[in-house]
Each structure stands twice: as C-alpha cells, then as structure tokens.
Amino acid sequence: MQKFIAVGDVHADWAGLWAALRAASCADADLRPTPPVQAGLYQVVLIGDLVHPKNERDYARLTGLARFDPRNPDHLFLAAREQVRHLEQLRAYQAAAPHAVHLLLGNHDAAVLNPHYVLGTSSGLIHVEFDPAHGGLHLPEHLRAWMQGFPRELRVGNVQFAHVSPLPAHLHYDDLFYADPSTKRWFRDSPEYVRMAGLSFGVYGHTQPGGGVLLDEAAGLAMIDALHEREYLELLLNPARPDPVQAVRAVPF
C-alpha cells in the first residue's frame, strides 16, 4: 500500500506548492523530502505546468513589481530569474528522492522547451519570459535537460496520472492539441474516456474545474488543477489489486 499525493498545475505558485507538500507531510521545514517520501511510502506527483504564472497579478507577486508588463525585457528577466530559482529548489527536492517524486510534463513546460508555441490567456497576457525571440531568457541548459526528462504520464497498475486526459492525442502538445477544444471539457462531455482506456482511475490537471478538486468517483477521475484554491489529492493505492484505489480524497490546506 502506498499513499500518492497529487498536486495540480503549479504555474509558479511556489508558496502554494510547498505549503501543500508540507501539509501532506512530504516536505520538511527546509523543503527536503520527509522520511516517508524517502522510504517510498509516500509518492509525490506534480501533474505538470510548473512554469508561467496564471495572470498578471501572480506575475507581479512573483517579481515584486507593482504591475507586470510582458513586453518589458526587465520584467521578463525578473520573471525568469525567480522561476529558475524555484525550479532549482524543486530539482534538488526530486534529486533527494527520485524514486518517489514524479514530475509530469505539462503543455506550458513543453512550450518553454519548444518556444514555437507562444502561450497566453484570454486577457492578452503572453508567457514569453523563457523565449529569447520575444525578449525573454534561455532556460539554463541543466534545467532544460532535467525538464526534457519529465514523463508525459505515470501509470500505477491501471491508475493513470497525466496532465490533460487519458486520450493519447492529449499527451502531445502540437498544433492539433491546441486546436482541439475537447482538451478543456472532455471530463464533462465524455468522462467515459477513462474506462474506455482500460483504467480504473485517472488523475488530470490542465483545466480548472472550479470549486477546488473535482472528484468524480463514478467516472473514475479527478481533475486537480486546484492549487490556487489550496487543495490537493490523496490516494491510497494497492497496485497488486485489480482495483488498486483503496481510498481517494481532496485535501484542503
């Protein structure tokens, strides 16, 4: 039996991430893995999108600026520098327990590795702090190599953790992915995709369901892009059983 602690899209909310991991007894006061994580009894899964704050307010908080301007190179420098500093801290955390800390590749992480795609929000905010073509900085090579090693999914028996959905097409962040509206609404329109994929349960992010973690036990899925609402997911799994999920709950912190 293992406990899995799954945290939704980080989007540079480092204070929220570490608060969640401390609340789950997965990180100590020095942001190192706790003994249960080091022993592998607790498994930490970050569902993707480590980078890019979600809005201008979050960029301002990250950089210490009164107002963040994504077209100001000095502002981009601050945004990149602060994210690099926190990515280094997370990299050290994973390196201390690589068997128990799983970081999945989200589409925002992939966009940093391949700045061909300029991501943004409906309000006009663009995420270009790691795009030199738009005034940003290169991600340091050692962090690039680390992120390139992130898997796109984690499977524990017939339980899946992935950034978007159980659909294979949603594991690849290409032109078709960004043109497909189902990436944001499949869990409401077609939750049967989880069972059709032969899964007993799936844990996903990418889309804010609203109201914290969305737990649909009948469909066998959880949508956990809820770090900003201060919730994460806990699962007790026994991979030796045909239905490995022994318990699942959303946890406020």
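Per an unreviewed UniProt entry, the protein is named Metallophosphoesterase, and its organism is Deinococcus metallilatus.

Caption draft 1: Seen up close, the packing of aromatic side chains. Going through the model one piece at a time under the given rule, you end up with eleven aromatic pairs. Measuring from centroid to centroid gives 5.3 Å for Trp18 and Tyr93, while their planes differ by 80°, and the two rings are edge-to-face. Of this pair, Trp18 sits in helix 1 (residues 14-23) while Tyr93 sits in helix 4 (residues 73-96), and the two are 75 residues apart along the sequence. Judged by its relative accessible area of 4%, Trp18 falls in the buried class. Judged by centre distance (4.9 Å) and plane angle (85°), the ring pair of Trp146 and Phe150 falls under edge-to-face. As far as burial versus exposure is concerned, Trp146 and Phe150 are alike and both buried. Counting every residue linked through ring pairs, the aromatic cluster contains Tyr117, Tyr173, Phe177 and Tyr178.

Caption draft 2: Summary view of the sheet that holds strand 7 (residues 214-216). In space, the five strands of this open sheet follow the order 4-5-6-8-7, with mixed pairing throughout. With partners counted over all chains shown, the strands left at the sheet margins are strand 4 (153-156) and strand 7, one partner each. Recorded for the sheet is a direction-independent mean angle of 10° between the axes of neighbouring strands. Where strand 7 meets strand 8 (residues 221-223), three bridges bridge the pair, whose relative direction is antiparallel. In the strand pairing of strand 8, Leu214 is matched with Met223.

Caption draft 3: Seen up close, the pattern of salt bridges. Applying the stated criterion across every chain, the model contains 14 salt bridges. Salt-bridge contacts for Arg91 lead to Glu88; the nearest nitrogen and oxygen are separated by 3.8 Å. Taken together, the residues Arg91 and Glu88, both in helix 4 and three residues apart, mark about one turn of the helix. We classify Arg91 as partly exposed; its relative accessible area is 31%. On the basis of relative accessibility, which here comes to 30%, the residue Glu88 falls in the partly exposed class.

Caption draft 4: The sheet that holds strand 9 (residues 231-237), seen in detail. Taken in spatial order, the five strands line up as 3-2-1-9-10 in an open sheet, and their pairing is mixed. Each edge of the open sheet is held by one strand with a lone partner, namely strand 3 (101-103) and strand 10 (245-252). This sheet shows a mean twist of 20° between the axes of neighbouring strands, independent of strand direction. Where helix 4 meets the sheet, its contacts fall on strand 2 (42-46) and strand 3, and the angle it forms with strand 3 comes to roughly 135°.

Caption draft 5: Layout of the side chain of His163. For His163, the position within the fold is in the loop between strand 5 (159-162) and helix 7 (175-179). Relative accessible area serves as the criterion here: at 1%, His163 is assigned to the buried category. At 3.2 Å, the side chain of His163 and the side chain of Asp49 are in polar contact. Looking at His163, its side chain comes within polar contact range of the side chain of Asn107, at 3.0 Å. Setting aside residues up to four positions removed in sequence, His163 forms contacts with Asp9, Ile47, Gly48, Asp49, Leu105, Gly106, Asn107, Arg152, Tyr173, Tyr204, Gly205 and His206.

Definitions and cut-offs
- Residues numbered from 1 in each chain as written.
- Predicted model: local features only at pLDDT ≥ 70, side-chain atom pairs only at ≥ 80, totals over all residues.
- Heavy atoms only, no water.
- Phe/Tyr/Trp six-rings, centres within 6.5 Å; stacked < 30°, edge-to-face > 60°.
- Helix = DSSP H or I, 4+ residues; strand = E, 2+ residues; numbered from the N terminus.
- Buried < 20%, exposed > 50% of the residue type's maximum accessible area, 1.4 Å probe, protein only.
- Pairing = 2+ DSSP bridges.
- Axes fitted to C-alpha atoms, helices over the stretch in contact; angles between N-to-C directions.
- Salt bridge = Lys/Arg side-chain N within 4 Å of Asp/Glu carboxyl O.
- Contact = heavy atoms within 4.5 Å.
- Polar contact = N/O pair within 3.5 Å; in protein donor to acceptor, adjacent residues only side chain to side chain.

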